[in-house]
Protein chains: 2
Amino acid sequence: MADRLIYLPLGGAGEIGMNAYVYGYGAPGKERLILVDLGVTFGDMDASPGIDLIMPDLTWLEQNRDRLEAIFVTHGHEDHIGAIGHLWGRLDVPIYARRFTGTLVRLKMEEMGLPVEAVNIADARPAVTQVGPFSVQFLPISHSIPESSALLIDTPAGRIVHTGDFKTDVTPVVGDAFDPVGLAEVAAEGEGVKVLACDSTNIFSTHPGRSEALLATPILEWVMAQPNLVVATTFASNIARLKTLADAAKASGRRICLLGRAMRRMVSVGLESGVLREFPDTIGPDEAAKLPRSEVLLLVTGSQGERRAASAQLSRGRYLGLSLKEGDSFLFSSKTIPGNERSVGRIMNALSEIGVEVYDADDGLFHVSGHANRPDIEAMHDILKPRIVVPMHGEHLHLREHVMLARAKGMAAEIAVNGAVLDLTGTTPKVVDHVETGRLYLDGNVLIGSMDGVVRDRIRMALNGHATVSVIVDEDDNALPDAWVELMGLAERGRSGADLVRQIESELSDFLERADARTVRDDGKLDEAIRKIARQVAMEEIGKKPEVTVIISRLMAD
Amino acid sequence: MADRLIYLPLGGAGEIGMNAYVYGYGAPGKERLILVDLGVTFGDMDASPGIDLIMPDLTWLEQNRDRLEAIFVTHGHEDHIGAIGHLWGRLDVPIYARRFTGTLVRLKMEEMGLPVEAVNIADARPAVTQVGPFSVQFLPISHSIPESSALLIDTPAGRIVHTGDFKTDVTPVVGDAFDPVGLAEVAAEGEGVKVLACDSTNIFSTHPGRSEALLATPILEWVMAQPNLVVATTFASNIARLKTLADAAKASGRRICLLGRAMRRMVSVGLESGVLREFPDTIGPDEAAKLPRSEVLLLVTGSQGERRAASAQLSRGRYLGLSLKEGDSFLFSSKTIPGNERSVGRIMNALSEIGVEVYDADDGLFHVSGHANRPDIEAMHDILKPRIVVPMHGEHLHLREHVMLARAKGMAAEIAVNGAVLDLTGTTPKVVDHVETGRLYLDGNVLIGSMDGVVRDRIRMALNGHATVSVIVDEDDNALPDAWVELMGLAERGRSGADLVRQIESELSDFLERADARTVRDDGKLDEAIRKIARQVAMEEIGKKPEVTVIISRLMAD
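The rules behind the values
- Going along each chain's sequence as written, the residues are numbered from 1 onward.
- In the order they appear in the text, chains get letters beginning with A and ligands get numbers beginning with 1.
- Since the coordinates come from a predicted model, pLDDT governs what is reported: local features require at least 70, and pairs of side-chain atoms require 80 or more to be given and counted, while whole-chain, interface and lining totals use all residues.
- Excluded from the side-chain calculations are hydrogens and water; all other atoms, namely the structure's heavy atoms, are used.
- Runs of H or I in DSSP of at least four residues are treated as helices and runs of E of at least two as strands, each being numbered from the N terminus.
- Partly exposed residues are those whose accessible area sits between 20% and 50% of the maximum for their type, while under 20% is buried and over 50% is exposed, using a 1.4 Å probe and protein chains only.
- Here, two residues are considered to be in contact whenever any of their heavy atoms come within 4.5 Å of each other.
- The quantity reported as buried area is the accessible area (1.4 Å probe) lost by two parts once they are put together, taken as the sum for both.
- Think of a salt bridge as a Lys or Arg side-chain nitrogen and an Asp or Glu carboxyl oxygen that are within 4 Å of each other.
- N or O atoms closer than or at 3.5 Å make up a polar contact, with two conditions inside protein: a donor-capable atom paired with an acceptor-capable one, and, for residues adjacent in sequence, both atoms drawn from side chains.
- Amino acid classes used here: Ala, Val, Leu, Ile, Met, Phe, Trp, Tyr, Cys and Pro are nonpolar; Asp, Glu, Lys and Arg are charged; the rest, including Gly, are polar.
- Patches were defined on residues exceeding 30% relative accessible area and lacking a salt bridge, with like-charge contacts within 9 Å and nonpolar side-chain contacts (Val, Leu, Ile, Met, Phe, Trp, Tyr) within 5 Å.
- Here the accessible surface of atoms and residues is derived via Shrake-Rupley with a 1.4 Å probe, and residues count as covered only by protein chains that are part of the display.
- Asp and Glu are treated as the negative residues and Lys and Arg as the positive ones, with His and the ends of the chain left uncounted.
- By convention, the point assigned to a charge is CZ for Arg, NZ for Lys, CD for Glu and CG for Asp.
- Working note: the arc is built from the helix axis to C-beta atom directions.
- Here, nonpolar core means buried Ala, Val, Leu, Ile, Met, Phe, Trp, Tyr and Cys residues that are tied together by side-chain atoms lying within 4.5 Å of each other.
- Each domain span listed reflects an automatic or database assignment of domains.
- Fitting of the copies onto one another was done by least squares over C-alpha atoms, counting residues only where both copies have pLDDT of at least 70.
- Two strands qualify as a pair provided DSSP detects at least 2 bridges between them.
- UniProt positions are given in the numbering used here, feature names are shortened, and annotations may be inferred rather than shown by experiment.
- Under this scheme, a helix contributes an axis fitted over its contacting stretch, all axes are lines through C-alpha atoms, and angles between N-to-C directions fall in the 0 to 180 degree range.
- By the definition adopted for this analysis, an angle is roughly parallel if under 35 degrees, roughly antiparallel if over 145, roughly perpendicular if from 65 to 115, and oblique otherwise.
- Pairing of aromatic rings covers Phe, Tyr and Trp, the last through its six-membered ring, and needs centres within 6.5 Å; plane angles under 30 degrees mean stacked, over 60 mean edge-to-face, and all others mean tilted.

1. Regarding unusual backbone geometry
Okay, so step 1: Pro126(A) follows Arg125(A) through a cis peptide bond whose omega is 20°.
Okay, so step 2: Structurally, Pro126(A) can be placed in the loop between strand 9 (119-121) and strand 10 (129-131).
Okay, so step 3: If you check the backbone angles, His393(A) has positive phi at about 45° while not being a glycine.
Okay, so step 4: Within the element layout of this structure, His393(A) appears in the loop between strand 23 (388-392) and strand 24 (394-395).
Okay, so step 5: Classification of His393(A) as buried rests on a relative accessible area of 1%.
Okay, so step 6: With a phi angle near 55°, Glu278(B) is a residue other than glycine that sits in the positive phi range.
Okay, so step 7: Mapped onto the elements of the fold, Glu278(B) is located in the loop between helix 8 (261-273) and strand 17 (282-283).

2. What to know about the interface of chain A and chain B
It is common to report an interface's size as the accessible area lost on association of the parts.
Okay, so step 1: At the junction of the two partners, chain A supplies 64 residues and chain B supplies 63 residues.
Okay, so step 2: Counting each side, the surface lost to burial between chain A and chain B is near 5500 Å², with a carbon and sulfur contribution of 58%.
Okay, so step 3: Looking only at chain A, the three residues that lose the most surface to chain B are Met45(A), Arg342(A) and Met488(A), adding up to 13% of its buried area.
Okay, so step 4: With a shortest N-O distance of 3.3 Å, Arg400(B) and Glu357(A) are connected by a salt bridge.
Okay, so step 5: Applying the counting rule to chain A against chain B returns 24 residue pairs in polar contact (both at pLDDT 80 or more).
Okay, so step 6: Taken together, the residues of the side of chain A that touches chain B break down into 28 nonpolar, 18 polar and 18 charged.

3. Digging into a positive patch on the surface
All names here are of chain A.
Okay, so step 1: On the surface, a cluster of positive charge is made up of Arg 307, Arg 308, Arg 316 and Arg 346.
Okay, so step 2: Here Arg 308 shows up in the loop between strand 18 (296-300) and helix 10 (310-316).
Okay, so step 3: Taking the relative accessible area as the measure of exposure, Arg 308 reaches 70% and is therefore exposed.

4. A closer look at the environment of Val471(B)
Residue and element names in this part refer to chain B.
Okay, so step 1: Considering the arrangement of structural elements, one finds Val 471 in strand 30 (residues 466-473).
Okay, so step 2: The spacing of Val 471 and Asp 482 is 11 residues in sequence and 7.0 Å in space, taken between C-alpha atoms.
Okay, so step 3: Leave out the neighbours within four places in its chain, and Val 471 touches Ala 483, Leu 512, Leu 526, Ile 530, Ile 551, Ile 552 and Ser 553.

5. A few points about helix 6 (residues 216-225) of chain B
All names here are of chain B.
Okay, so step 1: Listed as buried for helix 6 are Pro 218, Ile 219, Trp 222 and Val 223. End-on, the buried residues of helix 6 take up no more than an arc of 130°, which puts them together on one face. Those residues of helix 6 that are exposed and angled more than 90 degrees off the buried face are Glu 221, Met 224 and Ala 225.
Okay, so step 2: Where helix 6 is buried, its residues meet strand 15 (230-233), helix 7 (239-251), strand 18 (296-300), strand 21 (329-332) and strand 22 (357-359).

6. Some details on the nonpolar core
Okay, so step 1: Core analysis: the largest hydrophobic core is formed by 78 residues, its most contacted members being Val469(A) and Val469(B).
Okay, so step 2: Setting aside residues up to four positions removed in sequence, Val469(A) forms contacts with Ala483(A), Trp484(A), Val485(A), Leu508(A), Ile530(A), Ala534(A), Val548(A), Thr549(A), Val550(A) and Ile551(A).
Okay, so step 3: Leu87(A), Leu91(A), Val93(A) and Met263(A) belong to the second-largest nonpolar core, a separate cluster that totals 68 residues.

7. Some thoughts on the domain arrangement of chain A
Residues and elements named next belong to chain A.
Okay, so step 1: Each domain of chain A was delimited in the assignment, giving domain 1 (4-207 + 369-449), domain 2 (212-359) and domain 3 (465-554).
Okay, so step 2: Listed by partner, the interface residues are 19 residues for domain 1 and 17 residues for domain 2.
Okay, so step 3: Each partner contributes to the roughly 1400 Å² buried at the junction of domain 1 and domain 2, and carbon and sulfur atoms together form 65% of this total.
Okay, so step 4: In terms of surface lost to domain 2, no three residues of domain 1 exceed Phe 100, Val 173 and Val 174, which account for 34% of the buried area on that side.
Okay, so step 5: Here domain 1 and domain 2 share 2 salt bridges between them.

8. Some points on the pattern of salt bridges
Okay, so step 1: In this structure the tally under the stated criterion is 64 salt bridges over all chains.
Okay, so step 2: With a shortest N-O distance of 3.4 Å, Glu111(A) and Arg261(A) are connected by a salt bridge. Of the two residues, Glu111(A) sits in helix 4 (residues 99-111) while Arg261(A) sits in helix 8 (residues 261-273), which places them 150 residues apart along the sequence.
Okay, so step 3: You can call Arg261(A) exposed: its relative accessible area is 56%.
Okay, so step 4: Where Asp44(B) meets Arg342(A), a salt bridge forms, and the shortest distance between an N and an O atom there is 3.6 Å. Residue Asp44(B) is found in the loop between strand 5 (41-42) and strand 6 (53-56), and its partner Arg342(A) is found in helix 11 (residues 341-354); the two belong to separate chains.
Okay, so step 5: Looking at Asp44(B), the relative accessible area reads 16%, which means it is buried.
Okay, so step 6: Ionic contacts of the salt-bridge type, sharing partners, join the residues Arg125(A), Asp154(A), Arg159(A), Glu185(A) and Glu189(A) into one network.

9. As for the relation of the copies chain A and chain B
Okay, so step 1: Taken as rigid bodies, chain A and chain B are interconverted by a rotation of 180° and an axial shift of 0.0 Å, the fit giving an RMSD of 0.1 Å. Expressed as an axis order, the relation between the two copies is that of a two-fold axis. Using C-alpha coordinates, one finds that chain A approaches the rotation axis most closely at Ala462(A), a distance of 2.7 Å.
Okay, so step 2: Here 98% of the contact residues of chain A are again contact residues in chain B; the copies associate through an equivalent surface.

10. Some remarks on the pairing of strand 15 (residues 230-233) of chain A
Residue and element names in this part refer to chain A.
Okay, so step 1: Every second residue of strand 15 is oriented toward a common face, with Val 230 and Ala 232 on one face and Val 231 and Thr 233 on the other, all of them buried.
Okay, so step 2: As judged from the 4 bridges shared by strand 15 and strand 18, these two strands associate in the parallel manner. Paired with Val 230 across the strands is Leu 297, a residue of strand 18.
Okay, so step 3: The pairing of strand 15 with strand 21 (residues 329-332) spans 4 bridges and is parallel. By the bridge assignment, Val 230 is partnered in strand 21 with Ser 329.

11. Things to note about the UniProt feature "domain: Metallo-beta-lactamase" (unreviewed entry) in chain A
Okay, so step 1: UniProt tags residues 17-219 of chain A as "domain: Metallo-beta-lactamase" (unreviewed entry).
Okay, so step 2: Within the segment residues 17-219 of chain A, helix and strand shares are 21% and 29% respectively, and the terminal C-alpha atoms sit 29 Å apart.

12. Some words on the sheet that holds strand 5 (residues 41-42) of chain A
Residue and element names in this part refer to chain A.
Okay, so step 1: Spatially, 4 strands are ordered 5-6-28-29 in an open sheet, and the strand pairing comes out antiparallel. Two strands in the sheet have a free side with no partner beyond their single neighbour: strand 5 and strand 29 (446-449).
Okay, so step 2: Judged from the 4 bridges that link them, strand 6 (residues 53-56) and strand 28 (residues 439-443) form a sheet pairing that is antiparallel. Bridge assignment links Met 55 to a residue of strand 28, and that residue is Leu 440.
Okay, so step 3: Relative to strand 6, helix 3 (residues 84-91) is tilted by about 30°, and along the sheet it contacts strand 6, strand 28 and strand 29.

13. What to know about the packing of helix 14 (residues 454-464) of chain A against helix 14 (residues 454-464) of chain B
Okay, so step 1: Orientation of helix 14 of chain A relative to helix 14 of chain B, taken along the N-to-C sense of each, is 180°, at an axis distance of 8 Å. Considering their axes alone, helix 14 of chain A and helix 14 of chain B lie roughly antiparallel with respect to each other. Across the interface between the two elements, Arg458(A), Met461(A), Ala462(A) and Leu463(A) from helix 14 of chain A touch Arg458(B), Met461(B), Ala462(B) and Leu463(B) from helix 14 of chain B.
Okay, so step 2: Along the lines of polarity and charge, the residues of the contact of helix 14 of chain A with helix 14 of chain B split into 6 nonpolar, no polar and 2 charged.

14. Considerations on the sheet that holds strand 30 (residues 466-473) of chain A
All names here are of chain A.
Okay, so step 1: Here we have 3 strands laid out as an open sheet, ordered 31-30-32, and mixed in their pairing. The sheet is open, and its two edges are formed by strand 31 (484-488) and strand 32 (547-554), each paired on a single side. Averaged over all pairs of adjacent strands, the angle between their axes in this sheet comes to 15°, without regard to strand direction.
Okay, so step 2: Summarising the sheet, strand 30 and strand 32 pair through 8 bridges and their orientation is parallel. Bridge pairing links Ala 467 to Val 548 in strand 32.
Okay, so step 3: In this fold helix 17 (residues 523-542) packs onto strand 30 and strand 32, with an angle of close to 140° to the strand it touches most, strand 32.

15. Examining the packing of aromatic side chains
Okay, so step 1: Applying the stated rule across the entire model yields 14 aromatic pairs over all chains.
Okay, so step 2: With 5.2 Å between their ring centres and 75° between their planes, Trp222(B) and Tyr359(B) make a pair best called edge-to-face. Here Tyr359(B) lies in strand 22 and Trp222(B) lies in helix 6, a separation of 137 residues in the sequence.
Okay, so step 3: One aromatic cluster is present, built from ring pairs that chain together Tyr7(A), Tyr21(A) and Tyr23(A).

This is the structure in C-alpha cells:
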C-alpha cells in the first residue's frame, strides 16, 4: 500500500488541556511517528476527586514505541509539558525543544530522576531537526509564555504547520512576536502548506485579540493610584505579565516581592535562558514586611484560586510573615478558567471581608488572552493558505466551529477527536481509524486509569457515604449474631430518631440468627445479604443507600 | 431600654441564594419579628457532595419562635421559597404571599404534608397585612418570575422597603412591570423611606439592565431560521421567557412540547393563577415525535446542566421517545450560573458531537438578566431616597461595593452578613450583635448541620479513599494475627508493585503478633496503632493516606 500521512490526537482534541498529538508517515500501520507535546490537565472534585493531574493514556503509543522517533515540545505550559516527567519513561525517545522550554522540561525530567540528556535544545528556523521522514523546524510565535513555537513539519506527503498555542501579538513585551512575514515565507516555499493544525480555543471570541503591550499603561496607572500594599497575581509562566507588573511597581517606587515557588522559578529560568532581560531586583518576604505598605508590590501565585497557593494563603490571614489589611489592593491580572469560578470567588470574598480592594480583569484593562481569537485564526488561515485545516486544542464545540469556519473559507477540514486517526494524504482529510485512548490519573504517586473504578468508588462514597459491617463466623459455620457497624459520612439518625448504627446492627442480628447454613457458608451470598440489609435500613431511615464494605471473619479451629 | 428596629439576615447576605431576612421591632432582645423569604441554595461536589439542598440554620429563630409573627414571601424562586417545606414546621407561623407565589408555596407545603391553610394570599398594595408592629404591603416589581414583590414594611421606627430580587423592566412581557411612579409615591408618603434593603447581585454590571421585551424579535428570527427540530431551555420559572419562546414557535408554524416536570408545572400554575394568559397549546412527546422536525419546538428544563433534567437526557441520546439529530438546533436562553460552567459545557459538547447546532446567550440576543444592574440599583436609590441602604442578596464583594456606592451618594450604609444584627433605629446603621447562624444540608431525607462532620468525612473519603481494617481479639485478650483489610477508592498497587491490601495486612500481622497486652486491651490505643500502620503503608506505597475504619471484634467466652 502507498505511504500515507496521518494525524492522531491522544489528548487536546475534544478538550482544552492535556495536549498530545501524533503525526505519522509511511506504509499504513507502519508509519514512522513523532509526538507533539505531552501535557496534563487538572483534576476537579466533580469528576476526579483526589486526583492532582490527568494525562493522556499512551497505551497505543507504547505499543508502537519502535515506530516513535521523537517528542517535539512547542512551549512550556503545563498542558503541553506536564506529563513528560511521568510518561517519558514509557517512550524513551529524544525530546526536542528550544532553550527556555527545554530548560523547563529538563527540570521536570530531573525531578523524576530521568536523564536530562534526553532533552535536546533546538534552534529556531532555519535550523532543521531531521527524524525519520520528518524535517522539523521551530517557528517562533507569540503566546502567553516566552519562546512559544509553531512547528513546521515537512514530510514526503507535504508540509504541515502545527501552530501550538498562539496569538497574533506583534508586541508581546517578552518572547517572540507574531511574524506574518516569516509565516508568509513558509507558505510561499515549495508547494506551500498542505495542512494547518491550528489552535481552536478562542474560536468563539469574535473580536481581534489584543496585545500584551496594551496593558503597560493601565497597569502602571492602577499601581500608582493604590495607597497601600499592592498584591498582583497572574500565571507564573506569563513572564511578560510579570515584567509589566514589576516594571509598574518599580516606576511607582515599590519594591517587588515574589511569593510562590512557581513565580520564583519562572523568573529565574527566564533570566537564565535569556528570554527575560532586565527584571527589577526583588526582595524577600522578611524585607517586604519591614517596608512601608505603600512601597511594596507582592507578585503572587494562585490566580486560579488554588487552595495552597500564595493568594489563597494571604486571603486566609498570614503568609510568610505578611498579612493583608483594610485598604490594601489585590489585582487578578488573569482570566478565571471555566470551572475555577467558585475557588476564585472564595478568595475574592475572603479578601473583601478583610477590607482589601479587589480588582479583576473583567473590563479587559488588566489582562489579555494568550490565544488567537476568531479573526486571528482567520489571519493565520489567510497567511498560510493551507489546503487542509485540522482544528486542534479545543472542546468539541470549538473544533466543530473551526471546521465550519475553514470549510466556509474553501479549505478542507475535518474534526478528529482524541483517538481518531486522520488520513491527510489526499486532498480531503478522512478519519480512517480509531485507537483506544483514555486518561491516566496521577493519584498520590501512582498512575491509575480513569476507568479503573478507583475514582468512581470515591465519587460514590462522597455522594452516598460509607458503611462498614463486620461479622464473625465461628469454626462450625455459625454466624455470631453480633454484627459491628461503623458509618462514615452519614447522618447519625434519621426518620425514627433512633441511632442508625444500632438499627442496622439490630436488623443484621435478626438476620444472622435466622440465616440458613448455605448462606452463611458462602462468602458471596452472605456479603450480598448483609449489604442489602444495611442499604435498606439506611434508605428507610435517612433516604440514602451508602456504599458498604462487608468484612466476614471466619474463625478457624486451632 | 427604648424600642429598636433591627435587621438580621440568616441567609443571602454574603452569598447569592438561600435568602432569609429577619426584621424586628421592640425592646432590645424582645423585638417582635417577621421573616422575609426562606430559600435554599444548591449543593456542589466541591463543598457538599451528596447534598441536594442547602438552607439556613434557623436555630436562633426557633429559640425565639414566640416572637415571630409571620413569614412574608417576595416571589416564587427556589432561593426564596425552597426551604419553606423543610423548615416551616419548626416555626409554625402564618405565611403571606401573593396568589401565584402563594400557589407555589402551597405546593411545597402539600408535598411535605404541611397545612396549606398556613399560606395566606395577600393582595398587592394598597392592601395591608398587619402583624405585630409591622404593616406590610406587597409592592409589585419586575423580575424573572411573575408577580415578584418588594415589601413595604411600616414600623413605628419608620418605613422600610425590602426590594426582594428585582429589575427595572417596564415591559416584562409577563408579570408586573417596574413602576417608578408607584415607588415615588411610596417615597413621598409621610416621612419617606428610612431603610432600603436592596438586591445587590448585579452591582458589578455597569450597563443599564435590558428588558425582557427586547428578546421577542431576535428569538423569533432565530427560530424561523432553523431548518429542523428546535430545542430551547431556560429556567422553568421564567414564564415570560417561556411565553416568548412559545410565541416564536407558534408564529413560525411549530407546535410546542414541554419537557421536564418543572416546565409543565410552572406553565400550569401560571395559567391557573392568572399571571399567564394565552399560552399556545402544547403537545406531548408522543405527538412531537410523529411530526416533521421542522414543525416542533421543545421547551425543556436543564439550562444549568442538571444531570437528570431534560436537556441532559436529550444530549445523552433519547428522552421520552425523542432524540436529537445532526442539523437540529439547541438554544440556551439562559445565563450559566458561576459554578455550573462544567456541567453546561458537558451538555453543549455532547450536543455538538451529535451534530446539533448549539446557541447560547453570550452575545445577549437570547437572554436578559432578572436582576438590577448598577445603574438600575442607583435608579432605585434615587426614586426611593432612603436615608439608610442595607445591601442584601450578594456575596461579600457585592455587599461591599453596594455599601461604597450608597455612601458615595450620601446615604448611610452598612454591611451586615448572615448572623449580624443591624440596629436601624438611628440615623446610622450599626452592627450591634451576632447570632449563631449556619447552614443545614438536606441529605437524603435528613437535615444535618453543615458542621456536623458528615460532609467533611465524605470529602475526605473522596480525596483520600477509604480502608477498612478488621481485627479480632480473643477471649484472653490476644489479638488474632490475621487482620482483614478492604480498600475502596484506592489504587490496588503502588511503588513496589505488590498488592496493597496484602502489604497492609502483612504489616498489621507483624504488629499484632508483637503488640503488648496493654495496647490490645485498650480499644482506643489499638485502633490508633492500626490506623497509623495502615496509613503509613499506603503512604509509602501509593503516596496517599486513606481514611481508615478500624473494627475490633472482641470474642467473649461463652
